[in-house]
Amino acid sequence: MDSRVSELFGGCCRPGGGPAMGGTLKAKGAGGGSSGCGGPKGKKKNGRNRGGKANNPPYLPPEAEDGNIEYKLKLVNPSQYRFEHLVTQMKWRLQEGRGEAVYQIGVEDNGLLVGLAEEEMRASLKTLHRMAEKVGADITVLREREVDYDSDVPRKITEVLVRKVPDNQQFLDLRVAVLGNVDSGKSTLLGVLTQGELDNGRGRARLNLFRHLHEIQSGRTSSISFEILGFNSKGEVVNYSDSRTAEEICESSSKMITFIDLAGHHKYLHTTIFGLTSYCPDCALLLVSANTGIAGTTREHLGLALALKVPFFIVVSKVDLCAKTTVERTVRQLERVLKQPGCHKVPMLVTSEDDAVTAAQQFAQSPNITPIFTLSSVSGESLDLLKVFLNILPPLTNSKEQEELMQQLTEFQVDEIYTVPEVGTVVGGTLSSGICREGDQLVVGPTDDGCFLELRVCSIQRNRSACRVLRAGQAATLALGDFDRALLRKGMVMVSPEMNPTICSVFEAEIVLLFHATTFRRGFQVTVHVGNVRQTAVVEKIHAKDKLRTGEKAVVRFRFLKHPEYLKVGAKLLFREGVTKGIGHVTDVQAITAGEAQANMGF
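Keep in mind it's a predicted model, so treat the numbers as computed, not measured.

## As for the overall build of the chain
Move 1: The secondary structure content of the chain amounts to 12 helices and 31 strands.
Move 2: In the chain, which comprises 603 residues, the share counted as buried stands at 55%.
Move 3: Relative to all contacts within the chain whose residues are 6 or more apart in sequence, the contacts with residues 24 or more apart total 72%.
Move 4: For the chain, the exposed area adds up to about 25500 Å²; of that, 48% sits on carbon and sulfur atoms.

Listed below in structure tokens is the structure:
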């Protein structure tokens, strides 16, 4: 991580500071722009320039064997053998995209944009529809574009989304953390998206999202809440406007977006950090109010996303309250900050549906692309563009990584603990690795005295609907029956007994000090966040140095003050105390036994 990320903390970074790294990327969907056209340039095979106008880029990147994007020149009247081969190929692409695939019709395997005449394109789409029916999927035409090719007949390429409902309720699920300053409209936007009704300008849309009375009274989120937005196989929105329960939304959806609504006020920063480190979001939505710009905790939330390497896109809200010039000024301010050396992002302003398709694909392909939306939750202006983006946004992890995680032993992070009448103790969290089924015998810990306790998974719910099998990377709640809730706490893990989990009270980490008012030295106490672990630790030693200043790196040894924790080497680490902030990763864990844990913690 570039130490210049520290500029985003402590208020030491001004808008526009630092050299620009280039202009804003305009998300125009002409030609190869839909897939981050990075193919050969300059040499235009069979391309031509009409009337002196700039040609569409003649190439897409060459087709990759892996991934969920398939190029097809044409699919006109294939033989039965050819058709079966095409169906098998579609199954592979759907598997790679975890239920989604994108077909580019009229494109050769090397990425050359040839295009098809209208009759051939109609026949190709008909064949594609037959293929999709064969595998139990639907197709949606995302866009059609004319291409300049050496022909007197107009030729087009068509981009098609193929989506199916996977078996056993294993629909595609993306987790999106929602960040932004207090009063920027985070909960209101989620209320509009998930409830299907526009806000009245006084916060009516957000009332269903609040979990506590003081949140309703103050209008400010202080806890972490989860909201879901579904899309069916045809790409249509499924939310509470036409479904009464979350279970109905899950049953009708092929793709689920789970929004993690985080607190915007600075005094709840620890809750926001916990949400980012523990719930493993696929990406983040940073909300910025058009009338206030980058204010309050906006810059700090941006820094957290960068430090934890969470891809993010930006939504500028409340455009109905501002003049057009004010909105443009806020967008320019964001562009300057994103281009700074500490961010090194390429802004992409989304102004049309074609832009939204391009932004979704390029966002998944390049970690530097940052789409920017400008919308209103009251008037509904440009709200559909955000829905298009979320509908098309592909999974950011491929199927191979998913399979590798599933083959490991079971490890479930405990993030929430509840007591449900007639059900018993329930824990919520994320399955980091392996597979979890109803009836599995696991161990949970470490307890305060360093032990792991046996338990049984009675039932599983995912997105508030019953689920028999949980796979790596998915979030869920597990019912544990009459297991004593008092023995559980946030930060524990539930693992397979075969894992023989290790615990530690002392660990070392390579860190970068993002911000400190003076110097960081031995004896300092900080709150450490590692995954779902959140505990105070003391700095025992700074290797090769006596003290650290802002921006400096070192290997530091920490000791937990309260109880031992389960940590893994390589895990991302973030620590804070007042204005002190730092990031890094765990480099060494000093494993201890339960007896040593009791002695170290004063039992």
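## Comments concerning the packing of helix H9 (residues 353–365) against helix H10 (residues 383–392)
Move 1: One can describe the packing of H9 onto H10 by two numbers: an axis separation of 8 Å at closest approach and a directional angle of 35°. As for the relative orientation of H9 and H10, their crossing is right-handed in sense. Contacts from Glu353, Ala356, Val357, Ala359, Ala360 and Phe363 in H9 reach Leu385, Val388, Phe389 and Ile392 in H10.
Move 2: Across the contact of H9 with H10, the residue classes break down as nine nonpolar, no polar and one charged.

## Concerning the sheet that holds strand S27 (residues 533–542)
Move 1: The strand order S24-S29-S27-S26-S30-S31 describes a closed barrel built from six strands, whose pairing is antiparallel. Direction aside, neighbouring strands of the sheet carry axes that sit 45° apart on average.
Move 2: By the bridge criterion, six bridges tie strand S30 (residues 572–577) to strand S31 (residues 580–592) in an arrangement that is antiparallel. Within S31, the position partnered with Glu577 by the bridge is Thr580.
Move 3: Contacting strand S26 (525–530), S27, S30 and S31, helix H6 (residues 269–278) runs over the sheet at an angle of about 35° to S26.

## Re the pattern of salt bridges
Once their charged atoms are close, side chains differing in charge can pair, the charge on each being opposite to the other.
Move 1: Applying the stated criterion across every chain, the model contains 21 salt bridges.
Move 2: The partner of Glu84 in a salt bridge is Lys134, and the shortest N-O contact between them spans 3.9 Å. You can see Glu84 sitting in helix H1 (residues 80–96) and its partner Lys134 sitting in helix H2 (residues 118–134), a full 50 residues away along the chain.
Move 3: Here Arg143 and Glu159 are joined by a salt bridge, their closest N and O atoms 2.8 Å apart. With a gap of 16 residues between them, Arg143 in strand S4 (residues 137–147) and Glu159 in strand S5 (residues 155–164) connect regions that are remote in the sequence.
Move 4: Overall, Glu159 belongs to the buried group, its relative accessible area being 0%.
Move 5: Among the charged side chains, a network of salt bridges with common partners joins Glu63, Glu70, Lys72 and Arg93.

## Focus: the sheet that holds strand S3 (residues 100–105)
Move 1: Reading across from one edge, S2-S3-S5-S4 is the order of the four strands in this open sheet, with mixed pairing throughout. In this open sheet, the two edge strands, each paired with only one partner strand, are strand S2 (69–72) and S4. Each neighbouring strand pair of the sheet contributes to a mean axis angle of 20°, computed without reference to strand direction.
Move 2: Pairing of S3 with S5, which is carried by six bridges, proceeds in the antiparallel orientation. Its bridge partner lying in S5, Gln104 is registered against Glu159.
Move 3: Across the face of the sheet, H9 comes into contact with S2, S3, S4 and S5 while running at roughly 105° to S4.

## Considering the packing of aromatic side chains
Move 1: If you walk through the whole model with that rule in mind, you get 12 aromatic pairs.
Move 2: Consider the rings of Phe313 and Phe373, whose centres lie 6.2 Å apart with planes at 75°: the pair is edge-to-face. With a gap of 60 residues between them, Phe313 in strand S11 (residues 312–317) and Phe373 in strand S13 (residues 369–374) connect regions that are remote in the sequence.
Move 3: A network of ring pairs unites the aromatic residues Phe507, Phe520, Phe524, Phe558, Phe560 and Phe575 as a single cluster.
Move 4: Positioned above the aromatic ring of Phe83 is the side chain of Arg130, whose terminal nitrogen or guanidinium carbon lies 4.3 Å from the ring centre.

## Quick look at the confidence of the model for the chain
Move 1: A residue-level look at the chain finds 84% of positions with pLDDT of 70 or above and a mean pLDDT of 84.
Move 2: Below pLDDT 50 for its whole length, residues 11–22 participates in 25 contacts with residues either more than four positions away or in separate chains.

## Things to note about helix H3 (residues 186–195)
Turn by turn, an α-helix covers 3.6 residues, leaving residues three or four places apart pointing in a common direction.
Move 1: Summarising burial for H3: 10 of the 10 residues are buried, a large majority.
Move 2: Inspection of H3 places Lys186, Ser187, Thr188, Leu189, Leu190, Gly191, Val192, Leu193, Thr194 and Gln195 among the buried residues, and these make up the whole buried set.
Move 3: Buried residues in H3 make contact with strand S6 (172–180), strand S7 (225–231), strand S9 (255–261), strand S10 (283–289), S11 and H10.
Move 4: Positioned one or two residues after H3, Gly196 has a phi angle of 80°, which is positive.

## Considering the pairing of S30
Successive side chains on a regular strand alternate, one facing one side of the sheet and the next facing the other.
Move 1: As paired strands, S26 and S30 are joined by three bridges and run antiparallel to one another. In the strand pairing of S30, Thr527 is matched with Arg576.
Move 2: Counted between consecutive antiparallel strands, the loop separating S30 from S31 contains two residues, among which Gly578 sits at a positive phi close to 65°.

## Concerning unusual backbone geometry
Move 1: Along the chain, Gly445 connects to Pro446 via a cis peptide bond; the corresponding omega equals -5°.
Move 2: You can see Pro446 is positioned in the loop between strand S17 (441–445) and strand S18 (453–456).
Move 3: A positive phi angle is found at Ser382, which is not glycine, with a value near 65°.
Move 4: Tracing the backbone through its elements, the reader meets Ser382 in the loop between S13 and H10.

## Some details on the environment of Asp449
Move 1: In this structure, Asp449 sits in the loop between S17 and S18.
Move 2: Here the side chain of Asp449 touches Thr447 through a polar contact of 2.3 Å, side chain to side chain.

## Topic: the environment of Ala295
Move 1: Among the structural elements, Ala295 can be located in the loop between S10 and helix H7 (298–307).
Move 2: Counting along the chain gives 113 residues from Ala295 to Val182, while the straight-line C-alpha distance between them is 9.3 Å.

## Points about H10
Move 1: Burial of H10 is extensive: nine of the 10 residues sit out of reach of the surface.
Move 2: Turning to H10, its buried residues number three or more, namely Leu383, Leu385, Leu386, Lys387, Val388, Phe389, Leu390, Asn391 and Ile392.

## Description of the pairing of strand S24 (residues 503–515)
Move 1: Within S24, 12 of the 13 residues are buried, which leaves the element mostly enclosed by the surrounding structure.
Move 2: Relative to S31, S24 runs antiparallel, the two sharing 11 bridges. In the strand pairing of S31, Cys504 is matched with Ala591.

## Details of the side chain of Asp173
Move 1: Structurally, Asp173 can be placed in strand S6.
Move 2: With relative accessibility at 9%, the residue Asp173 sits in the buried group.
Move 3: Among the polar contacts listed, one links the side chain of Asp173 to the side chain of Thr258, at a separation of 3.1 Å.
Move 4: Dropping the residues within four chain positions of it, Asp173 is found in contact with Arg98, Met256, Thr258, Asp282, Arg462 and Asn463.

Conventions adopted
- Residues numbered from 1 in each chain as written.
- Predicted model: local features only at pLDDT ≥ 70, side-chain atom pairs only at ≥ 80, totals over all residues.
- Heavy atoms only, no water.
- Helix = DSSP H or I, 4+ residues; strand = E, 2+ residues; numbered from the N terminus.
- Buried < 20%, exposed > 50% of the residue type's maximum accessible area, 1.4 Å probe, protein only.
- Contact = heavy atoms within 4.5 Å.
- Areas by Shrake-Rupley, 256 points an atom, 1.4 Å probe, with all protein chains shown as cover.
- Axes fitted to C-alpha atoms, helices over the stretch in contact; angles between N-to-C directions.
- Left-handed = near helix turned anticlockwise from the far one by under 90°.
- Nonpolar A, V, L, I, M, F, W, Y, C, P; charged D, E, K, R; others polar.
- Pairing = 2+ DSSP bridges.
- Salt bridge = Lys/Arg side-chain N within 4 Å of Asp/Glu carboxyl O.
- Phe/Tyr/Trp six-rings, centres within 6.5 Å; stacked < 30°, edge-to-face > 60°.
- Lys NZ or Arg CZ within 6 Å of the ring centre and 35° of its normal.
- pLDDT = per-residue confidence, 0-100.
- Polar contact = N/O pair within 3.5 Å; in protein donor to acceptor, adjacent residues only side chain to side chain.

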